[in-house]
Amino acid sequence: MKGKVIVKDVYVYSEEMNLTVLKTSLFFTGDGFTAYDCKGEVVFRVDTYGPDSRDLGELVLMDATGGCLLTVRRKRPSLHNRWEGYLGEREEGEKPIFSVRRSSIIGRSNVTVELYSNPTEEYQIEGSFAQRNCTFFNADKVSMAEIRRKVDAYANVVLGKDAFSLSVKPGFDSAFAMGLVLVLDQIHVDDFADNRVDVDPISDDSNHSS
């Protein structure tokens, strides 16, 4: 199957690619994500999280050897929590190749991905990344990738949310898909922070009424 190369052609496979993605704690330098194939070999990694990272609004997706594949960067200011993706390690003045934004700033909504090389080509990400249950659809509403909870095949137990599956359909750039995972994770972190602020006054009121 002929695929659409967005980041690098070696990551566009003729068969479905099932990756196991592990997210580590955000409290130590060098944390982030590591994605493994079905043989347990590292395919992608991200270790720009942590207090020593150069910019928490910019994350770099690397291959197994540390080569930079893709940079995703938060666009400021942005009402829709927009992120943009750049090939390789972003340099000053470089133009992005895609953008990711919420479809709406009101309530929970889908995420829209637009390719700058082709304004008519876009993807929708539907579902809940927080619950590790979402699907990437193309403009024809065909599933291109899915994020699901990881199940331990031996114990038949659903693992925690720090380990999940990323299944990429044939012909879809898996490096691009992994880059979108980084953005979804950051949007989820922002949502958590916003919700925490909203909850505090409610808990204070309940304390006063008791």
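No experiment lies behind these values; they were computed from the predicted model shown.

**Student:** I'm lost on the overall build of the chain in this one. Help?
**Tutor:** Along the chain, the regular secondary structure elements total 1 helix and 14 strands. For the chain, the proportion of its 210 residues judged to be buried stands at 42%. For the chain, the exposed area adds up to about 11,600 Å²; of that, 52% sits on carbon and sulfur atoms.

**Student:** Is there a simple way to explain the packing of aromatic side chains in this structure?
**Tutor:** The way to describe two aromatic rings as a pair is by their centre distance and the angle between their planes. Per the stated rule, a full pass over the model turns up 6 aromatic pairs. Summarising the aromatic geometry, the rings of Y11 and F44 are spaced 4.9 Å apart at their centres and angled 45° between planes, so their arrangement reads as tilted. Taken together, the positions of Y11 in the segment before β1 (17-23) and F44 in strand β3 (residues 42-46) put the pair 33 residues apart, joining distant regions of the chain. Each member of the pair, Y11 as well as F44, carries the same accessibility label: buried. Between F172 and F176, the aromatic rings sit 5.7 Å apart at their centres with planes inclined by 55°, giving tilted as the arrangement. One exposure class covers both F172 and F176, and it is buried. Through pairs of rings, three or more aromatic residues link up here, namely F98, Y123, F172 and F176. Seen from the ring of Y86, R90 lies directly overhead, with NZ or CZ sitting 5.7 Å from the centre. The ring of F137 is capped by K141, whose NZ or CZ atom sits 4.6 Å from the centre of that ring.

**Student:** Mind showing me how you'd approach the environment of N118 here?
**Tutor:** Here N118 lies in strand β9 (residues 118-128). C-alpha separation for the pair N118 and I97, spaced 21 residues apart in sequence, amounts to 9.6 Å. In this structure the side chain of N118 is engaged in a polar contact, spanning 2.7 Å, whose partner is the side chain of T120.

**Student:** What is the right way to look at the sheet that holds strand β2 (residues 33-36) in this model?
**Tutor:** Taken in spatial order, the 12 strands close into a barrel running β1-β2-β3-β4-β5-β6-β7-β8-β9-β10-β11-β14, and their pairing is antiparallel. The average undirected angle you get between the axes of adjacent strands in this sheet is 20°. Looking at chain direction, β9 and strand β10 (residues 133-137) are connected through 5 bridges and run antiparallel. Residue pairing in the sheet places E126 in a bridge with T135 of β10.

**Student:** Just checking my understanding: could you explain the pairing of strand β11 (residues 143-149) for this structure?
**Tutor:** For a regular strand, side chains alternate in direction, first toward one face of the sheet and then toward the other. Sheet topology places β10 next to β11; 4 bridges connect them, and they run antiparallel. Across the sheet, the residue bridging to F136 is A145, located in β11. Hairpin remark: β10 followed by β11, antiparallel, with 5 residues in the connecting loop; positive phi at K141, about 65°. Where β11 and strand β14 (residues 163-168) come together, 5 bridges link them in antiparallel fashion. Across the sheet, the residue bridging to A145 is V168, located in β14.

How each quantity is defined
- Residues numbered from 1 in each chain as written.
- Predicted model: local features only at pLDDT ≥ 70, side-chain atom pairs only at ≥ 80, totals over all residues.
- Heavy atoms only, no water.
- Helix = DSSP H or I, 4+ residues; strand = E, 2+ residues; numbered from the N terminus.
- Buried < 20%, exposed > 50% of the residue type's maximum accessible area, 1.4 Å probe, protein only.
- Areas by Shrake-Rupley, 256 points an atom, 1.4 Å probe, with all protein chains shown as cover.
- Phe/Tyr/Trp six-rings, centres within 6.5 Å; stacked < 30°, edge-to-face > 60°.
- Lys NZ or Arg CZ within 6 Å of the ring centre and 35° of its normal.
- Polar contact = N/O pair within 3.5 Å; in protein donor to acceptor, adjacent residues only side chain to side chain.
- Pairing = 2+ DSSP bridges.
- Axes fitted to C-alpha atoms, helices over the stretch in contact; angles between N-to-C directions.

This is a description of form; function is not addressed.
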